[in-house]
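Chain residues, written in single-letter form:
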Amino acid sequence: MRDVAVVSFAQAPNLRSDRERNEVEIVMPVVREALDSVGLEQSDIGFTVSGSCDYLTGVPFSFVMALDAVGAWPPIEESHVEMDGAWALYEAWVRLQHGDIDAALIYSFGKTSLTDLDKVMSCQLDPYTLMPLWPGAISLAGLQASAMLAAGTVSEADMAAVASHSREAAQGTPEIPEAEGPADVDDLLSRPRVAHPLREHDIAPATDGAAAIVLVAGDRAAEVCDKPAWISGIDHRVDTHAPGNRDLTTCPSARMAGERADVGRSHIEVAEVYAPFSHQELLLASELGLGDGVDVNPSGGALAGHTFMVAGLARIGEAARRIHDGTATRVLGHATAGPCLQQNLVCVMEAAR
Amino acid sequence: MSELCAVTGVGQTHHDAERSDLSMHGLVREAAVRALADAGLEWKDIDAVVVGKAPDQFEGVMMPELMMADALGAVGKPLLRVHTAGSVGGSTGLVAAKLVQGGVHKRVLVVAWEKQSEADASWVLMMKIPFAAPLVAGAGGYFAPYIRAYMERSGAPKDTGIKVAVKDRLNALKNPYAHLKMPDITEEMVADSLMLWDPIRYLETCPSSDGACALVLTAEDALGSCEKPAWVVSTAMRSEPTMFAGRDGVNPQAGIDCAAELYRKGGITDPRRDIDVAEIYVPFSWFEPMWMENLGFAEQGEGWKMTMSGATALDGDMPINASGGVLSSNPIGASGLLRFAEAALQVRGMAGEHQVDGAKLAMGHAYGGGSQYFAMWLVSSDKP
């Protein structure tokens, strides 16, 4: 495959409610920053692709207006997936394999404050048997956590430790300006449950935001970026849908994507995994083979601030940033979609081409 | 490093106003099973699945491909969901073609669908972004002013649209999968039908359909027993913003640029001479002459002459929408892929009664949004 690298990443602050800006206004400065940081213009970009969800705004074609944010004039080669931006990045990586263009812009946005995300997530479920029960993402994740506790693969203290680490990591970062205050495991475990066995700290707070990444192929990447994050493996897989038909203590699609992306070839230093629930970070770490010595979610992860449709792309960006700043040489970004980690994408990036 | 890609399987549903005999899962499988049978493949042979459809509000399920992962044969495989407005069927075909051309996969299943009877498409299309100006007119209300502008600009005879409406519905009689079957249709009947959005009459409008279309796209070294592949010789896609001062919505630059790239990559210098048959996205009758000009089949202001002279008829020199087109079947998310699929059927010589004799090079075209999203491909019976 052709060598392709993440050369730039920008992210809007993940805010519980960005009341003063619409989606275009949130996306526009992020796209600008991603291009400016590598000295590129829209005219240098051969392919633009985005990810977003019509069910957040409640209107069809809600991504169309975002074309204003990327300067689609003269007309551009452009596409859109109704998926997290991480899958838009995958489409761009495929497009760059053709060899006729060298640079691609990927962006995604989500303004969940316009709606009740947990309720909306019910609309993603089988409309005949499951959606009419309105279980929401939180209740289904609760069933998954219960199954993992029953199987003994995690404990409530393990889950609280994930949350405690996430809060500490996110303190003072511009990406998560409203991070929950630090709390130790005993403190967190003394708090009330929200959806058995989940407590508030186990559940990612829904936020508004946007992210953008620039991919550049071949020698051009090293020209625009001192330390490109070369994609050495990228793959995505999906599991069956119905939570009742799955062993929720496992995640076969994440395991398979990880194997296909060759995660295990050598040591991963930093992994950013998209886990909107604390137990899911532990499950993903296990399925991806992230053992001791892997720094998991040093950004605080989605658990600190969860912008739906953006969080996966942001994980890839956060991981790439560690190569850009020279603090890591082999990193992993992960994205998920669907109830209880139904669909998973893994992107491994390396400092060495 | 681009690999060759061919269409080796084509399948579609019998499109209808309401396929109440099928669930959403059943609808996509009806098309997919036919495409797999055509390609001589089984579900296990497929490397990846690419799904396309228009807004999820049309059925009331958010990202329905996730709950249909089993029905799509996608479990354990990569599953992508494309959504680019009305052009989505075409864009979906192109995303899948790129997976093969980029050397990522050998056999990709593409499925585009819409089950519009689950909701009311016109109502969905009227919903607006909070704080944006309300249009409250659906797609017809949006496009009627563009058509009026075209009529004014070109001086086209007032019955040009009526001729298109009759031609496409007569073509649909030769297509066993078409939704509308109107054997008695006449120009008088169209002229007398209700004026919905002046100048668009009821019978100059596309129907609202349940339907799906599926393609199997295959790399050159994985053709298997396929004897009649349709080779993908050129692809292009372009987008532009919805509105800004000076934008020409009648003859959009994105469409002009998209066609120019398609022809350049395909070695086409005179599209009307070089291309044997084209399936063009015509949801309202007047878009046939408008797109003839935008795509370079006719000079500016002269697209209507192709319609009026019969050039775009099945027996004309540039047959347009031999299948009956969007005016005869419109499951929105699938409509673009149906154009791409019908182009492939023509160059494979498998279009049945609506086959254009000797078709070797065919064009599939889709557009969406406010005439701002374009996806196109050229397929050939000859290996490039």
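Treat the numbers as computed from the prediction; the structure is a model and nothing was measured.

Asker: Looking at this structure, how should I read the overall build of chain A?
Answerer: When helices and strands are tallied, chain A shows 13 helices and 12 strands. On C-alpha atoms alone, chain A measures out to a radius of gyration of 19 Å, which is about the 20 Å that the 2.2 N^0.38 rule sets for 353 residues. Across its three principal axes, chain A shows a C-alpha extent of roughly 55 × 45 × 40 Å. Within chain A, contacts between residues separated by at least 24 positions form 79% of all contacts whose residues are at least 6 apart in sequence. Carbon together with sulfur atoms contributes 50% to the accessible area of chain A, which is approximately 11,700 Å² in total.

Asker: Looking at this structure, how should I read the overall build of chain B?
Answerer: Scanning chain B for helices and strands turns up 12 helices and 11 strands. C-alpha extents for chain B along the principal axes are approximately 55 × 45 × 45 Å. The buried share of chain B, taken over its 384 residues, is 66%. Partitioning the contacts of chain B with sequence separation of at least 6, the portion at a separation of at least 24 is 77%. Per element, the accessible surface of chain B, about 12,300 Å² overall, is 53% carbon and sulfur.

Asker: Any chance you could explain helix H13 (residues 311-324) of chain A here in plain terms?
Answerer: Residues lying three or four places apart along an α-helix face the same way, a consequence of the helix completing one turn every 3.6 residues. All names here are of chain A. Taking 1.5 Å as the rise per residue, H13 with 14 residues should run 20 Å; its terminal C-alpha atoms sit 19 Å apart, in good agreement. Of all 14 residues in H13, 11 are buried, a share of seventy percent or more. Among all positions of H13, only Ala-311, Gly-312, Leu-313, Ala-314, Arg-315, Ile-316, Gly-317, Glu-318, Ala-319, Ala-320 and Ile-323 are buried. Of the residues trailing H13, Gly-326 is marked for its positive phi of about 80°.

Asker: Any chance you could explain the interface of chain A and chain B here in plain terms?
Answerer: Reports often express the size of an interface as the amount of accessible area lost when the parts come together. Taken together, the contact pairs 54 residues of chain A with 56 residues of chain B. Carbon and sulfur atoms supply 65% of the area that chain A and chain B bury against each other, a total of about 4,900 Å² over both sides. Summed over the three residues of chain A that lose the most area to chain B, namely Tyr-55, Glu-82 and His-98 of chain A, the buried surface amounts to 13% of that side. If you look at where chain A meets chain B, you find 1 salt bridge.

Asker: Whenever I open this one, the state of the cysteines confuses me. Can you help?
Answerer: By definition, a disulfide is the covalent link that joins the sulfur atoms of two cysteine residues. Within the structure shown, the criterion is met by 0 disulfides over all chains. Cys-340 of chain A supplies the cysteine sulfur nearest to Cys-251 of chain A, a cysteine that is in no disulfide, at a spacing of 9.6 Å.

Asker: Explain the side chain of His-365 of chain B to me, please; I cannot follow it from the model alone.
Answerer: All names here are of chain B. In this structure, His-365 sits in strand E10 (residues 361-368). Among the polar contacts listed, one links the side chain of His-365 to the backbone nitrogen of Tyr-281, at a separation of 3.0 Å. Ignoring sequence-local partners within four residues, the contact set of His-365 consists of Glu-279, Ile-280, Tyr-281, Trp-291, Leu-295, Arg-339, Phe-340, Phe-374, Ala-375 and Met-376.

Asker: Whenever I open this one, the pairing of strand E4 (residues 107-115) of chain B confuses me. Can you help?
Answerer: Regular strands place their side chains on alternate faces of the sheet. All names here are of chain B. By the criterion of burial, E4 is predominantly enclosed, with 8 of the 9 residues buried. Both strand E2 (residues 48-52) and E4 contribute to a ladder of 5 bridges, which runs parallel. Within E4, the position partnered with Val-49 by the bridge is Leu-109. In this structure, E4 lies alongside strand E7 (residues 210-219), joined through 9 bridges in antiparallel fashion. Of the residues in E7, the one forming a bridge with Glu-114 is Gly-211.

Asker: Sorry if this is basic, but what is going on with the environment of Thr-57 of chain A here?
Answerer: Residue and element names in this part refer to chain A. Relative to the helices and strands, Thr-57 is located in helix H2 (residues 54-57). Looking at Thr-57, the relative accessible area reads 14%, which means it is buried. Counting along the chain gives 105 residues from Thr-57 to Val-162, while the straight-line C-alpha distance between them is 31 Å. Apart from the residues lying within four places of it in its own chain, the contact partners of Thr-57 are Glu-23, Ser-62 and Leu-114. For Thr-57, the side chain forms a polar contact with the side chain of Ser-62, separated by 3.4 Å.

Asker: Help me out: how do you make sense of the packing of aromatic side chains in this one?
Answerer: The geometry of an aromatic ring pair is captured by the separation of the ring centres together with the interplanar angle, meaning the angle of the planes. Overall, the coordinates contain 19 aromatic pairs over all chains when judged by the stated rule. Taking NZ or CZ as reference, Lys-53 of chain B lies 5.2 Å from the ring centre of Trp-113 of chain B, over its face.

Asker: Explain the side chain of Lys-98 of chain B to me, please; I cannot follow it from the model alone.
Answerer: Here Lys-98 of chain B lies in helix H3 (residues 88-101). The class of Lys-98 of chain B is buried, set by a relative accessible area of 6%. In this structure, Lys-98 of chain B is in contact with Glu-77, Val-94, Arg-95 and His-98 of chain A together with Met-237 of chain B, ignoring residues within four places of it in sequence.

Asker: Is there a simple way to think about helix H6 (residues 136-151) of chain A in this case?
Answerer: All names here are of chain A. Helix length check: H6 (16 residues) gives 23 Å between terminal C-alpha atoms against 22 Å at 1.5 Å per residue, within 8%. Taken residue by residue, H6 has Gly-136, Leu-140, Ala-141, Gly-142, Gln-144, Ala-145 and Met-148 as its buried positions. Taken together, the buried residues of H6 touch helix H5 (117-122), helix H7 (156-170), strand E6 (198-199) and helix H11 (278-287).

Asker: Help me understand the nonpolar core, please; the structure alone is not making it clear to me.
Answerer: Side chains of nonpolar character tend, in soluble globular proteins, to be buried together. Ranked by internal contacts, the top residues of the largest apolar core, which has 131 residues, are Leu-215, Ile-231, Phe-308 and Met-349 of chain A together with Leu-217 and Trp-377 of chain B. In this structure, Phe-308 of chain A is in contact with Cys-53, Leu-56, Phe-109, Gly-110, Thr-112, Leu-117, Met-121 and Tyr-274 of chain A together with Met-62 and Met-63 of chain B, ignoring residues within four places of it in sequence. Counting 52 residues, the second-largest nonpolar core is a separate cluster that includes Ile-147, Val-250, Ile-268 and Phe-297 of chain B.

Asker: Please clarify how the packing of H7 of chain A against H11 of chain A should be interpreted in this entry.
Answerer: All names here are of chain A. Interhelical geometry of H7 versus H11 gives an angle of 100° and a closest axis separation of 8 Å. In terms of axis orientation, H7 runs roughly perpendicular to H11. Only Ser-278, His-279, Glu-281 and Leu-282 of H11 make contact with H7, whose side of the interface consists of Asp-158, Met-159 and Val-162. Each residue belonging to the contact of H7 with H11 can be placed in one class, and the counts come to 3 nonpolar, 2 polar and 2 charged.

Here is what the cut-offs are and how they apply
Residues numbered from 1 in each chain as written. Chains lettered and ligands numbered in written order. Predicted model: local features only at pLDDT ≥ 70, side-chain atom pairs only at ≥ 80, totals over all residues. Heavy atoms only, no water. Helix = DSSP H or I, 4+ residues; strand = E, 2+ residues; numbered from the N terminus. Rg over C-alpha atoms; globule rule 2.2 N^0.38 Å. Contact = heavy atoms within 4.5 Å. Areas by Shrake-Rupley, 256 points an atom, 1.4 Å probe, with all protein chains shown as cover. Buried < 20%, exposed > 50% of the residue type's maximum accessible area, 1.4 Å probe, protein only. Expected span 1.5 Å × (residues − 1). Buried area = accessible area lost by both parts, 1.4 Å probe. Salt bridge = Lys/Arg side-chain N within 4 Å of Asp/Glu carboxyl O. Disulfide = S-S within 2.5 Å. Polar contact = N/O pair within 3.5 Å; in protein donor to acceptor, adjacent residues only side chain to side chain. Pairing = 2+ DSSP bridges. Phe/Tyr/Trp six-rings, centres within 6.5 Å; stacked < 30°, edge-to-face > 60°. Lys NZ or Arg CZ within 6 Å of the ring centre and 35° of its normal. Core = buried A, V, L, I, M, F, W, Y, C linked by side-chain atoms within 4.5 Å. Axes fitted to C-alpha atoms, helices over the stretch in contact; angles between N-to-C directions. Parallel < 35°, antiparallel > 145°, perpendicular 65-115°, else oblique. Nonpolar A, V, L, I, M, F, W, Y, C, P; charged D, E, K, R; others polar.

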